[in-house]
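# Descriptive analysis of the structure
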Amino acid sequence: MMKKLFLPLIITLMPLLAFGAPVNPDSVYTLNLFGFVENDMSYDSRESYAIAQELFYEFPKDIHLDADGKDLNAVARGRFLSLTARLDIAFRSPVYKGGVSVGGKIEGDFTASNIAHLQVRHAHGYVDFKRPYGSSDAVMHHRLLIGQAFHPMTDNMIPDMVSINTGSPFAPYSRTPQLRYTATMPNIKVTGAALWKFQFASPVMPEMADFKNVYSAMHAAPEMLVGIEYSGNHLKIGTQASWMTMRPRTQTTIDGNTYKIEGEHCESWTAQAYLRAGNRNWEFKIESMYGENVAHHLMNSGYAVTGINGRNYEYSPLRMSNTWAEISYKSTNLVHNYMFGIFGGYMKNFGTAKDAVSPSLVYTKWANNVDQMFRASAIGFYMYHDFKVGIEYEYTGAYYGDMKPDCTVTNTHLVGNHRASLVVLYYFDFKWHFNKKV
């Protein structure tokens with residue numbers, strides 16, 4: 001399928017390729033074709049919450065006893081899947097007069113289901129321009145990005161995991177349509193963004209089940225984000241904050257009659273801080289987030305109905321904190337490379353600011369009776385040129401219990417899952433330069 005789609009494009013563009021000595025990338029058009037083909041083998045000691053054919057792991061399910069008192073979720077699961085194949089095409093123009101260049105990226109992925117169909121991950125364009133500032137020779141680099149890309153709270157710093165879940169649900173993971181502006185000065189980067197939910201959204205209320213595919217369109221106001229980051233030779237440190245409002249319902253049905261709902265909304269705030277330090281071989285990363293209604297980051301969060309006034313509901317977001325840290329060692333050999341790392345994550349549920357009307361009116365991504373979770377992982381991979389083999393072991397524990405009116409959880413018990421993964425990948429990366437048009 002990929003050959004049928006892209007081979008004619010490459011053949012068509014071949015006559016335009018610029019051969020010969022290396023060229024200045026600022027003076028040519030650039031086409032970059034890259035991606036990988038991946039095979040995943042994994043084992044879980046019990047039933048768990050997971051997506052993408054259980055490749056994207058989250059956390060173990062609670063104990064579910066049958067009539068004989070046996071745990072129905074205490075079932076081991078193993079799988080061997082070849083669904084993860086990725087193809088990226090990136091474009092970049094020459095630098096035009098005034099220091100302006102344009103570009104874009106399209107990224108497709110086949111992890112969506114057991115039938116290999118293309119899922120669009122990234123699809124965006126951007127405008128870059130550089131301007132001098134201050135009295136020195138310093139230059140400020142501006143970028144305006146429009147389209148679908150990683151959420152800024154995801155791509156500021158991603159764990160070096162073997163599995164595709166990249167530390168979720170302890171590390172935020174989301175892709176979203178957005179309008180993002182970044183200004184990068186020496187050592188400082190400032191970010192502002194407006195983001196709309198699409199593939200990653202908040203939990204759907206039963207009244208809106210028929211509108212699940214367009215649920216994100218009902219959030220008329222985008223999520224607004226600002227951030228600032230400092231980076232040096234061996235250190236990166238930054239912080240971001242976002243505000244979001246959502247409309248859980250636009251209509252309801254009572255006694256067979258449908259009524260329009262107006263004025264309902266649920267506001268939430270999220271703050272994040274992160275740090276990365278290291279050199280060519282060693283690296284340490286740590287990130288912490290305090291968030292409200294952060295289910296759109298693939299976290300076990302959501303909101304609750306905390307008041308009823310006639311047909312209208314009042315809402316309160318679920319509050320939680322998530323922290324992860326990783327330390328890793330990477331070799332720098334030109335042919336044989338390896339990496340070893342240790343990852344740890346922790347989540348704490350702080351409930352809602354107001355009591356929920358009923359446990360049945362608490363809407364979360366997966367389970368609403370989790371007090372805290374943790375994960376410990378050991379990671380390693382070996383890479384020979386573009387061929388990579390990775391192994392990973394992780395233990396994820398979740399403390400389930402009884403939910404109180406404020407959505408905190410008491411009388412907890414630990415449920416854990418052991419997951420072992422083996423991943424085999426082949427990477428490819430091709431780049432072409434085209435002559436600058438006159």
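Residues numbered from 1 in each chain as written. Predicted model: local features only at pLDDT ≥ 70, side-chain atom pairs only at ≥ 80, totals over all residues. Heavy atoms only, no water.

## Observations regarding the overall build of the protein
Across its full length, the protein carries two helices and 23 strands. Taken across its 438 residues, the protein has 47% of its residues classed as buried. Taking as baseline every contact in the protein between residues at least 6 positions apart, the subset at least 24 positions apart corresponds to 68%. (Helix = DSSP H or I, 4+ residues; strand = E, 2+ residues; numbered from the N terminus. Buried < 20%, exposed > 50% of the residue type's maximum accessible area, 1.4 Å probe, protein only. Contact = heavy atoms within 4.5 Å.)

## With respect to the side chain of Ser268
With respect to the helices, strands and loops of the structure, Ser268 is situated in strand β14 (residues 266–278). The class of Ser268 is buried, set by a relative accessible area of 2%. Of note is the side chain of Ser268, whose polar atom sits 3.4 Å from the backbone oxygen of Glu292. Those residues in contact with Ser268 that lie beyond four places of it in its chain are Ser242, Trp243, Met244, Glu292, Asn293 and Pro317. (Polar contact = N/O pair within 3.5 Å; in protein donor to acceptor, adjacent residues only side chain to side chain.)

## A closer look at a nonpolar patch on the surface
A grouping of Tyr96, Val102, Val127, Leu144, Ile146, Leu179, Tyr181 and Trp196 is seen on the molecular surface, where their side chains present a nonpolar patch of about 640 Å² in accessible area. Sorting the residues of the nonpolar patch by element identifies β7 (139–150) and β8 (175–185) as the ones contributing at least two each. Its location among the elements puts Trp196 in the loop between β9 (188–195) and β10 (223–231). (Patch = residues over 30% accessible without salt bridge, like charges linked within 9 Å, V, L, I, M, F, W, Y side chains within 5 Å. Areas by Shrake-Rupley, 256 points an atom, 1.4 Å probe, with all protein chains shown as cover. Salt bridge = Lys/Arg side-chain N within 4 Å of Asp/Glu carboxyl O.)

## Some remarks on the packing of aromatic side chains
Tallying each qualifying case throughout the model produces 19 aromatic pairs. A centroid spacing of 6.3 Å and a plane angle of 45° characterise the contact between Phe374 and Tyr399, whose relative ring orientation is tilted. Within this pair, whereas Phe374 is found in strand β21 (residues 370–384), its partner Tyr399 is found in strand β22 (residues 387–403), the two being separated by 25 residues in sequence. Taken together, the ring pairs connect Phe56, Phe150, Tyr173 and Phe200 into an aromatic cluster. (Phe/Tyr/Trp six-rings, centres within 6.5 Å; stacked < 30°, edge-to-face > 60°.)

## Overview of the pattern of salt bridges
Overall, the coordinates contain 20 salt bridges when judged by the stated rule. One salt bridge in this structure joins Arg419 and Asp44, with 2.8 Å as the shortest N-O distance. Of the two residues, Arg419 is situated in strand β23 (residues 409–434) and Asp44 in strand β1 (residues 29–44); the sequence distance between them amounts to 375 residues. The exposure classification of Arg419 matches that of Asp44, with both residues buried. A salt bridge links Asp155 to Arg180; the shortest N-O distance between them is 3.4 Å. With Asp155 in helix α2 (residues 152–155) and Arg180 in strand β8, this residue pair connects regions lying 25 residues apart in the sequence. Connected via shared salt-bridge partners are Asp44, Glu47, Glu54, Arg77, Arg79 and Arg419.

## Quick look at the nonpolar core
The biggest cluster of nonpolar side chains holds 43 residues, and the ones touching the most others in it are Phe59, Val370, Met373 and Tyr400. Secondary structure elements with two or more residues in this core: β3 (56–60), β4 (77–92), β9, β18 (319–330), β19 (336–351), β21, β22 and β23. No other element matches the five residues that β21 contributes to this core. In this structure, Cys266, Tyr303, Tyr315 and Leu361 belong to the second largest nonpolar core, which totals nine residues. (Core = buried A, V, L, I, M, F, W, Y, C linked by side-chain atoms within 4.5 Å.)

## Details of the pairing of β22
Looking down a regular strand, the side chains alternate between one sheet face and the other. Summarising the sheet, β21 and β22 pair through 14 bridges and their orientation is antiparallel. Each bridged residue has a counterpart across the sheet, and for Ala378 the counterpart in β22 is Tyr393. Hairpin connection, β21 to β22: the antiparallel pair is bridged by two residues, and His385 has positive phi, about 55°. Judged from the 16 bridges that link them, β22 and β23 form a sheet pairing that is antiparallel. (Pairing = 2+ DSSP bridges.)

## Comments concerning the environment of Phe381
You can see Phe381 is positioned in strand β21. Between the C-alpha atom of Phe381 and that of Val424, which follows or precedes it by 43 residues, the distance is 9.5 Å. Apart from the residues within four sequence positions on either side, Phe381 is in contact with Asn337, Tyr338, Met339, Lys388, Val389 and Gly390.

## Quick look at the sheet that holds strand β17 (residues 312–317)
The strand order across the open sheet built from three strands is β17-β16-β20, with neighbouring strands paired in antiparallel fashion. Each edge of the open sheet carries a strand with a single partner, namely β17 and β20 (362–364). Neighbour to neighbour, the strand axes of the sheet diverge by 30° on average, direction disregarded. Alignment of strand β16 (residues 302–309) against β20, held across three bridges, turns out to be antiparallel. Bridge pairing in β20 places Tyr303 opposite Tyr363. (Axes fitted to C-alpha atoms, helices over the stretch in contact; angles between N-to-C directions.)

## Quick word on unusual backbone geometry
Along the chain, Ser168 connects to Pro169 via a cis peptide bond; the corresponding omega equals 5°. By the element assignment, Pro169 lies in the loop between α2 and β8. One non-glycine residue, Gln53, lies in positive phi territory at about 55°. Looking at the element boundaries, Gln53 is found in the loop between β2 (48–51) and β3. Looking at Gln53, the relative accessible area reads 35%, which means it is partly exposed. Even without glycine at this site, Asp255 takes up a positive phi of about 50°. Looking at where Asp255 falls in the secondary structure, it is placed in the loop between β12 (251–254) and β13 (257–260). With relative accessibility at 76%, the residue Asp255 sits in the exposed group.

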